[in-house]
Amino acid sequence: MTMAGQTINDRLLAARHSLAGQGLAKSVCKATTEECIGPKKKHLDYLVHCTNEPNVSIPHLANLLIERSQNANWVVVYKSLITTHHLMAYGNERFMQYLASSNSTFNLSSFLDKGTVQDGGMGVPGGRMGYDMSPFIRRYAKYLNEKSLSYRAMAFDFCKVKRGKEEGSLRNMNAEKLLKTLPVLQAQLDALLEFDCQSNDLTNGVINMSFMLLFRDLIRLFACYNDGIINLLEKYFDMNKKHARDALDLYKKFLVRMDRVGEFLKVAENVGIDKGDIPDLTKAPSSLLDALEQHLATLEGRKVSAANTPTQSSSYQRTNVKSAVSALSSTSSAFGTAAASSKFDTSNGIDEQLKAQVLAEEEAAMNQYKSKVSSPTSSGAGGASAALTNPFLSSPPAAQAGQPIVDLFGAASAQPAAAAAASGASQALATKASDDLLQLGNPFADMFEASGNSVAAATTGATGAALNANNLWMHNNGFNGSTVSSAAATNAFVSDSNFTSVFGNTEPTGHAGDGAAAEYAATSSPFDWGAADDDGRGAQ
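These numbers come from a predicted model, not from an experiment. (Residues numbered from 1 in each chain as written. Predicted model: local features only at pLDDT ≥ 70, side-chain atom pairs only at ≥ 80, totals over all residues. Heavy atoms only, no water.)

Across its full length, the protein holds 22 helices and 0 strands. Among the 540 residues that make up the protein, the fraction classed as buried is 39%. Long-range contacts, defined as pairs at least 24 residues apart, comprise 76% of the intrachain contacts of the protein with a sequence gap of at least 6. By element, 55% of the accessible surface of the protein is carried by carbon and sulfur atoms, the whole surface being about 29,600 Å². (Helix = DSSP H or I, 4+ residues; strand = E, 2+ residues; numbered from the N terminus. Buried < 20%, exposed > 50% of the residue type's maximum accessible area, 1.4 Å probe, protein only. Contact = heavy atoms within 4.5 Å. Areas by Shrake-Rupley, 256 points an atom, 1.4 Å probe, with all protein chains shown as cover.)

It is worth spelling out the nonpolar core at this point. Trp74, Tyr78, Phe95, Leu182, Ile229, Leu232 and Leu233 are the most contacted members of the largest nonpolar core, which has 107 residues in total. A per-element tally of this core places helix α10 (residues 205-234) first, with 19 residues. If sequence neighbours within four positions are ignored, leucine 233 has contacts with Tyr251, Leu288, Leu292, Val321, Ala324, Val325 and Leu328. (Core = buried A, V, L, I, M, F, W, Y, C linked by side-chain atoms within 4.5 Å.)

Our focus in this paragraph is the pattern of salt bridges. Within this structure, the stated rule accounts for 11 salt bridges. Taken together, the shared-partner salt bridges connect Lys147, Asp157, Arg216 and Asp217 into one network. (Salt bridge = Lys/Arg side-chain N within 4 Å of Asp/Glu carboxyl O.)

The phi dihedral of alanine 155 falls on the positive side, at around 65 degrees, and the residue is not glycine. Along the polypeptide, alanine 155 turns up in the loop between α8 (130-154) and α9 (175-193). Its relative accessible area of 56% is what places alanine 155 among the exposed residues. With phi around 50 degrees, aspartate 196 is a residue other than glycine that occupies positive phi space. Since its relative accessible area comes to 48%, aspartate 196 is described here as partly exposed.

Glancing now at the packing of helix α1 (residues 8-19) against helix α2 (residues 23-31). Viewed as axis vectors pointing N to C, α1 and α2 meet at an angle of 165 degrees, and their least axial separation amounts to 8 Å. What the angle tells us is that α1 and α2 run roughly antiparallel. For α1 against α2, the interelement crossing comes out left-handed. Two secondary-structure elements touch here, α1 through Asp10, Leu13, Ala14, His17 and Ser18 and α2 through Ala25, Lys26, Cys29 and Lys30. Here the residues of the contact of α1 with α2 sort into 4 nonpolar, 2 polar and 3 charged. (Axes fitted to C-alpha atoms, helices over the stretch in contact; angles between N-to-C directions. Parallel < 35°, antiparallel > 145°, perpendicular 65-115°, else oblique. Left-handed = near helix turned anticlockwise from the far one by under 90°. Nonpolar A, V, L, I, M, F, W, Y, C, P; charged D, E, K, R; others polar.)

Now for α10. Given a rise of 1.5 Å per residue, 30 residues ought to cover 44 Å, and the 44 Å separating the end C-alpha atoms of α10 matches this to within 8%. Counting buried positions over the 30 residues of α10 gives 27, a clear majority of the element. A distance of 3.1 Å separates the backbone nitrogen of valine 206 from a side-chain oxygen at the start of α10, and that oxygen is part of asparagine 204. (Expected span 1.5 Å × (residues − 1). Polar contact = N/O pair within 3.5 Å; in protein donor to acceptor, adjacent residues only side chain to side chain.)

With respect to the element layout, serine 199 can be found in the loop between α9 and α10. When its relative accessible area of 35% is taken as the criterion, serine 199 is described as partly exposed. Residues serine 199 and valine 267, 68 residues apart in the sequence, show an inter-C-alpha distance of 5.7 Å. In contact with serine 199, other than residues within four places in its own chain, are Val267, Asn270 and Val271.

Time to look at the environment of histidine 43. Its place among the elements puts histidine 43 in helix α3 (residues 41-51). C-alpha separation for the pair histidine 43 and serine 27, spaced 16 residues apart in sequence, amounts to 6.3 Å. In this structure, histidine 43 is in contact with Lys30 and Ala31, ignoring residues within four places of it in sequence.

On to the packing of aromatic side chains. Aromatic ring pairs: the centre-centre distance and the angle between the two ring planes describe each pair. In this structure the tally under the stated criterion is 10 aromatic pairs. Considering the side-chain rings of tyrosine 78 and tyrosine 140, the 5.8 Å spacing of their centres and the 55 degrees angle between planes classify their relative orientation as tilted. Residue tyrosine 78 is located in helix α5 (residues 74-90), and its partner tyrosine 140 is located in helix α8; the two are separated by 62 residues in the primary sequence. For tyrosine 140, a relative accessible area of 0% puts it in the buried group. When the centroid spacing of 5.8 Å and the interplanar angle of 10 degrees are considered together, the rings of phenylalanine 222 and phenylalanine 254 count as stacked. Within this pair, whereas phenylalanine 222 is found in helix α10, its partner phenylalanine 254 is found in helix α11 (residues 241-270), the two being separated by 32 residues in sequence. The same class applies to phenylalanine 222 as to phenylalanine 254, namely buried. Among the aromatic side chains, those forming a connected cluster through ring pairs are Tyr78, Phe136, Tyr140 and Phe195. The ring centre of phenylalanine 136 lies 5.2 Å from the NZ or CZ of arginine 139, which sits over that ring. The ring of tyrosine 90 carries the charged tip of arginine 216 above its face, separated from the ring centre by 4.9 Å. (Phe/Tyr/Trp six-rings, centres within 6.5 Å; stacked < 30°, edge-to-face > 60°. Lys NZ or Arg CZ within 6 Å of the ring centre and 35° of its normal.)

Fair warning: the whole summary comes from geometry, so function is off the table for now.
Here you go:
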């Protein structure tokens, strides 16, 4: 398996889905390849768009992702979980509703990838093996299952509910419903905190992307959690004994989770998230816990210390509650501001300003390249040199306008009427059949002569002669018309009489009374039986 780019398995699977016309399955395959990077944003955006389309089957999409999570490769499994989490966060709520209502969950409690142990983990960049990533996959799958169960129990997503003092769902909830809601929220938060990764574990793009999604959820979950605890404290002294006991137990658990959230935020700061983007945790005074316990003891009829009379205890306790609510309100405000920010809503945590700057630089470089390619001859000597070596120009540059174009396989260019009339007679007299025994003709001589005549017609005779003198094809090549004629004149092997005696006269016959007919009669061969007999003049 090659981790640098898509593997053969990825390409074959995508091709199979393409041939079958399964566009949605192909997109899921593209988002969950074996490449050791997070799912690409374009594939995630397309799948988010699919969740908003009424003609797309949400159960089919969810089942495709669950099927990919059963793969033996840890990268494919991890990326299928990341894609599912992304659709939960940014997709249509129908996707979340189906996961919450169906019995199909991620059954990865015993997942273990042993494939990369055999090669020592060298196939994975950063030295992280699938064996080491398997625990994080199991914890991540558990959190997604718990997120679905929370939606099933509450019929809403804690990460998407309204927050704040005025419109906050948990801030304005009645006591009885609040006592039932906070345990569900605590269970989801516990599953998230159980991911329990350190900064040295974030060594590849896959786990980094999952960490960013978990960080986003943590900010929103704890903002809701904090609002619920504030509401709980405000109603604590008006509760009955049973509700007060449950509320005190929830507050003690809140203090423990607050410390664990602080550890998670330290990891986020160590991996490069700006400290200004991490909300501050403001803890309530420790004296509040004592006040809550004393109030519960009073309700249960247990003895309290003599120093605290019921009247003093009640006023003291309410003062502590006010100070605690004030401290927790600042925490709620900080987490609410961080949750409302869209900086971490990207699929990979890239800063939007940096992304826009990089895109602007790429666009400027591309425009400069296009302008250079579109006008290669417009920049002086540099453009002229580029034009001379550019084989894709639609027309030849001006520097080559006076040179004859050599086209070995094309027909000779048309000549001006005057030049053709002037050279026609002399060329007919100079050309003889004996110049070429097989009458194959010269495929090059006419072309070069045509080029020479064209140049001579356009420029002076001296310029044309100089160009022909520089042309290597025009000298000592055996194909030039004049050269062949002069060679044939001095060649003892080939003469006009010998050629005619063997092959007969091949000159075309003209009109009656033409000189060619007389030449034919004078040079007729003794082998020319047909011609002599037909004329009635006998042989010889």
